[in-house]
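Reading the structure
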Number of protein chains: 2
Amino acid sequence: MESNDRNGKMLKSIEQSPLYRICNPGSIAFFGASNSHAPMGSIIFSSLRAFGFQGALYPVHPTEAQVQGIRAYRSVLDLPQSADLAVLVLPTGIVEEILDQCGRKGIKHAVVVSGGFKEVGDRGAGLEKRIKETALKHGIRFLGPNCIGVANPYERLNTTPFPYEGPPGFIGMASQSGSFVTQMFQNLSKRGLGFSTAMSVGNEANVDIVDCMEYLGACPNTKVIALYIEGITRGKRFVETARAIVPHKPIVAFYVGGTETGKRAGLSHTGAMAGPDRLYDGMFQQSGVLRARSLQELFDFCWVLGALPTPGGNRVLIQTHSGGPGTAAADACGRAGLDLPPLSAETVEKLAPFLPHTASANNPVDFTFVKNPTQYILDIPKLLLEEKNADVLLLYLLVPSKLVTRALVQLGVPTERAPEKTGKVIERQTEAIAALLHTQKKPIVGYTLMSLEEPFSRSLIGRGLPLFDEAERAARAIMAMVQYSRFRDKLLAGMGDVRT
Amino acid sequence: MESNDRNGKMLKSIEQSPLYRICNPGSIAFFGASNSHAPMGSIIFSSLRAFGFQGALYPVHPTEAQVQGIRAYRSVLDLPQSADLAVLVLPTGIVEEILDQCGRKGIKHAVVVSGGFKEVGDRGAGLEKRIKETALKHGIRFLGPNCIGVANPYERLNTTPFPYEGPPGFIGMASQSGSFVTQMFQNLSKRGLGFSTAMSVGNEANVDIVDCMEYLGACPNTKVIALYIEGITRGKRFVETARAIVPHKPIVAFYVGGTETGKRAGLSHTGAMAGPDRLYDGMFQQSGVLRARSLQELFDFCWVLGALPTPGGNRVLIQTHSGGPGTAAADACGRAGLDLPPLSAETVEKLAPFLPHTASANNPVDFTFVKNPTQYILDIPKLLLEEKNADVLLLYLLVPSKLVTRALVQLGVPTERAPEKTGKVIERQTEAIAALLHTQKKPIVGYTLMSLEEPFSRSLIGRGLPLFDEAERAARAIMAMVQYSRFRDKLLAGMGDVRT
């Protein structure tokens, strides 16, 4: 696969990519949907329609005149015109024939969802070789087989089985698992995140994860690139491409082939050839790619990298009203490789009027309780963000709506009006934080023990604050930003070795 | 603190513990509540009352005749009788005097919430020394200062500022942070968990975390003990006590003093003297105590240890319908120290009728999609639990209610009836898993990419299945069970060295 015909480490324009028409088709020929609702083809066709894709849709079905209410064609050859993209959700055995027909109709791009190829062993590998040859013959570029294709919410395109949830976002994903695209929609939307474009690459018979990375590097909607990797075939090209992208856009990878158990599982999943952890660690380091150690961490890193300014260094100030969360955060920061500088004399002086006698003007700055919520959420963070010895503010935030309601009732608000008033109090507080977020040049990260689905959390997240349910996740995400800025600076300075 | 007057490594009965009356008081004298709602004393008094504590409550207030509608006393000396427990939420400077009055009234147990002692430096340390002497003079045993006391939901006792949420549970907690008691109520209840009894030990001037551990070891409502540690003073006693408890009950510790940053923060939080990680690692290993690396992980471990049978070994079977989640789980298991045995010939044969041709009868067993939900959730797990080569079943579970609703509507269920019917479908599926959980002797652990607050997740959790939002957390929790069984077996066999 290490081909010489695609030169240049970074695309001049996104339209040059084989992925361009796959992710931005004007029309789609769809194979495998029917009027029975159970088959995967029908489910995917439902998703595509439910999302409101604006281009022409041509379902192809051997017997039905209509599929899910849309005019169907007996054969792709019967289509009134060619289509930009073919989506194939067909039994393994007929994929080659249909791909050949698509080629004859002039279709140049495809998503092959069907499985049963290289991932099931020798017989499947033979079939896969044949579809590759057929594609080559017609000049077709395709994703898959054994993938679920793409979601590009900016184009209301979704060839995956789950409905897309939430708004379009800034995370571009290239994944060797379709589930980690489609099953993340809800998960990401709960963090106020979304995909710019997400691709499931499956067996990578024709287009591979490096092609996807190249596309996402040039994609204007993508601020950060997420990779789920079971094994990389074009290692050299991966490194070159990543090194061209990282100066402009961070890349985070979750790699699962580094253990014997992960390697075996990946082989039977996508036929991927994995390598030992240290090999991949080396490749990622050399490329300036950040490595996440779990799927949630992959998106934790993407969150802060896409939402926040890059910090000037690794010095964190922790603000808390609770000692345990402060101490745990201090420990987590230390473990993650972050420094906790002491406060400067100026800051200590400015803080003095806000500190109760039980409080601590160290770092963590622990107020021991919240005397005045507006001070805690607005005045103090503002003051701490001015600390010249620190680069990042890590803020403990916990305002359960039940407590706010209880306090309001005790202050004389009638019980029936308390919930509405609670909502308003919470909104005012989160507005204060949002104002800081959008006017300050240093990153602010939040952590909490509340559910991220509590109204206060949801409001903070909705206003763009990365909020984590434990200090460890927050600390590691901050360190990812620091690490990214180190990689970026070394690459921009033209350094060959960016390892740390 | 290493005293000789308390012999025996394990309590004969829970009543012997100085914590017994603190956690099970018949009556409480309360200092620091008023008719103003803002002070911490008033907030705690509200929590205590809101939870419905059944014993007598005697608020003491220098000027008010009633506090929050309850008859108040000018002085503790005016109480109609002595009380089992005094709760002090008072300015630092008057704590000693009030404690002395309590002693004169015959009160033998106290919770000192007030801060401003050892944790703020030399002056505070002097005050702390004096309250210790006063307590000694009267034979008072007390928690704190600088703590929030206890929650014992079985007795409807809650001396913390947050309302207790959810049912009583099986986690006994002793914590050097009050926040990690009170702020966990909501967090735990969302996982269907709760505290049996939770104690915040503060500065440990009189009763320490080892006393609490001893109490929880003997507490019949406690199935697993959680410790949050910033520093242990009585190291030898800690080891002896833990070694006596672990054969009968697992102990999990989250220690944050092992980094320089964590150590410094702990010192200013509770005045704890922390030690390097390797020292504590050694102490935990020697004691048979499991170490968690974050607060969430502390409760992850408690969840599986309290809810599931102990596994016979470290061999895990993974069942999935999605390749990526399966591969990531395989990698996570490998990293956690778990084995993934191949399926036996018998199991492969029994599985055959259930497997589509795209599926993989390896481990992970990957069905690639769910042909029949009842099979996936009932028949197949049952069959896999019979696999003689495996000790634990790790099950990928993902049924978003939106998808169920969409499928029902497509099958002809009227849109307005679909949500109710969705609920029923989900309940039937989770019932099937619950039936397995309660009849099988091997542990079953679930993982998902759905929100744990989705109806399907909530129903599973409500029926007792430990469910994690990523494979890594699930794998590490399983390894904690395996590790516990190793510790336990070595201690039961009388082995001096239980390190692994």
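Residues numbered from 1 in each chain as written. Chains lettered and ligands numbered in written order. Predicted model: local features only at pLDDT ≥ 70, side-chain atom pairs only at ≥ 80, totals over all residues. Heavy atoms only, no water.

A count of helical and extended segments in chain A gives 18 helices and 20 strands. In terms of overall size, chain A behaves like a compact globule, its C-alpha atoms giving a radius of gyration of 26 Å where 500 residues would be expected to give roughly 23 Å. Expressed as lengths along the three principal axes of its C-alpha atoms, the size of chain A is roughly 80 × 60 × 40 Å. Scored against the burial criterion, the 500 residues of chain A give a buried share of 63%. Restricting the contact set of chain A to residue pairs at least 6 apart, pairs at least 24 apart contribute 73%. Carbon and sulfur atoms provide 52% of the accessible area of chain A, an area that totals close to 17,900 Å². In chain A, 53 side chains carry a positive charge and 46 a negative one; their mean positions are 2 Å apart. (Helix = DSSP H or I, 4+ residues; strand = E, 2+ residues; numbered from the N terminus. Rg over C-alpha atoms; globule rule 2.2 N^0.38 Å. Buried < 20%, exposed > 50% of the residue type's maximum accessible area, 1.4 Å probe, protein only. Contact = heavy atoms within 4.5 Å. Areas by Shrake-Rupley, 256 points an atom, 1.4 Å probe, with all protein chains shown as cover. Lys, Arg positive; Asp, Glu negative; His and termini not counted. Charge placed at Lys NZ, Arg CZ, Asp CG, Glu CD.)

What follows deals with the relation of the copies chain B and chain A. Between the two copies, chain B and chain A, the superposition gives an RMSD of 0.0 Å; the rotation angle is 180 degrees and the shift along the axis is 0.0 Å. Interpreted geometrically, this transformation is the action of a two-fold axis. The rotation axis passes nearest to the C-alpha of E453 of chain B in chain B, at a distance of 4.1 Å. (Least-squares fit on C-alpha atoms with pLDDT ≥ 70 in both.)

Turning to the pattern of salt bridges, a few remarks are in order. In the structure shown here, the tally under the stated rule is 54 salt bridges over all chains. In this structure, R335 of chain B and D277 of chain A form a salt bridge, with 2.7 Å as the shortest nitrogen-oxygen distance. In this pair, R335 of chain B sits in helix α12 (residues 323–336) while D277 of chain A sits in helix α10 (residues 277–287), so the two residues belong to two different chains. With a closest N to O distance of 3.2 Å, K388 of chain A and E346 of chain A form a salt bridge. Highlighted residues: K388 of chain A in the loop between α14 (373–385) and β18 (392–396) and E346 of chain A in helix α13 (residues 345–351), separated in sequence by 42 residues. It is possible to trace a salt-bridge network through shared partners that takes in D277, D281 and R291 of chain A together with D331 and R335 of chain B. (Salt bridge = Lys/Arg side-chain N within 4 Å of Asp/Glu carboxyl O.)

The next point concerns the domain arrangement of chain A. Residues and elements named next belong to chain A. Assigned domains of chain A: these are domain 1 (3–305) and domain 2 (310–485). Once you take the C-alpha centre of each, domain 1 and domain 2 turn out to be 39 Å apart. Contact with domain 1, which involves 17 residues of that partner, is made by 14 residues of domain 2. Across the domain 1/domain 2 interface, buried area totals approximately 1,400 Å², and carbon plus sulfur atoms make up 67% of it. Linking domain 1 with domain 2 are three salt bridges, by the criterion used here. Between R473 and D300 there is a salt bridge; the shortest N-O distance is 2.9 Å. Put simply, domain 1 and domain 2 have four residue pairs in polar contact (both at pLDDT 80 or more) between them. It is helix α11 (residues 295–307) that provides the largest number of residues to the side of domain 1 that touches domain 2, a total of seven residues. Its residues assigned to classes, the side of domain 1 that touches domain 2 comprises eight nonpolar, three polar and six charged. (Domains from an automatic or database assignment. Buried area = accessible area lost by both parts, 1.4 Å probe. Polar contact = N/O pair within 3.5 Å; in protein donor to acceptor, adjacent residues only side chain to side chain. Nonpolar A, V, L, I, M, F, W, Y, C, P; charged D, E, K, R; others polar.)

Right, let's get into unusual backbone geometry. Across the junction of G144 of chain A and P145 of chain A, the peptide omega takes the value 0 degrees, indicating a cis bond. In this structure, P145 of chain A sits in the loop between β7 (141–143) and β8 (149–152). Of the consecutive residues N363 of chain B and P364 of chain B, the connecting peptide bond is found in the cis state with omega at 5 degrees. Relative to the elements of secondary structure, P364 of chain B occurs in the loop between β16 (360–361) and β17 (365–366).

The subject of this paragraph is the packing of aromatic side chains. Residue and element names in this part refer to chain A. All told, the structure shown has 30 aromatic pairs over all chains when counted by the stated rule. On the basis of an interplanar angle of 35 degrees and a centroid distance of 5.3 Å, the ring pair of F51 and Y164 is categorised as tilted. Here F51 is found in the loop between α2 (40–50) and β2 (56–60), whereas its partner Y164 is found in the loop between β9 (157–158) and β10 (171–175), with 113 residues between them in sequence. A relative accessible area of 10% means that Y164 is categorised as buried. (Phe/Tyr/Trp six-rings, centres within 6.5 Å; stacked < 30°, edge-to-face > 60°.)

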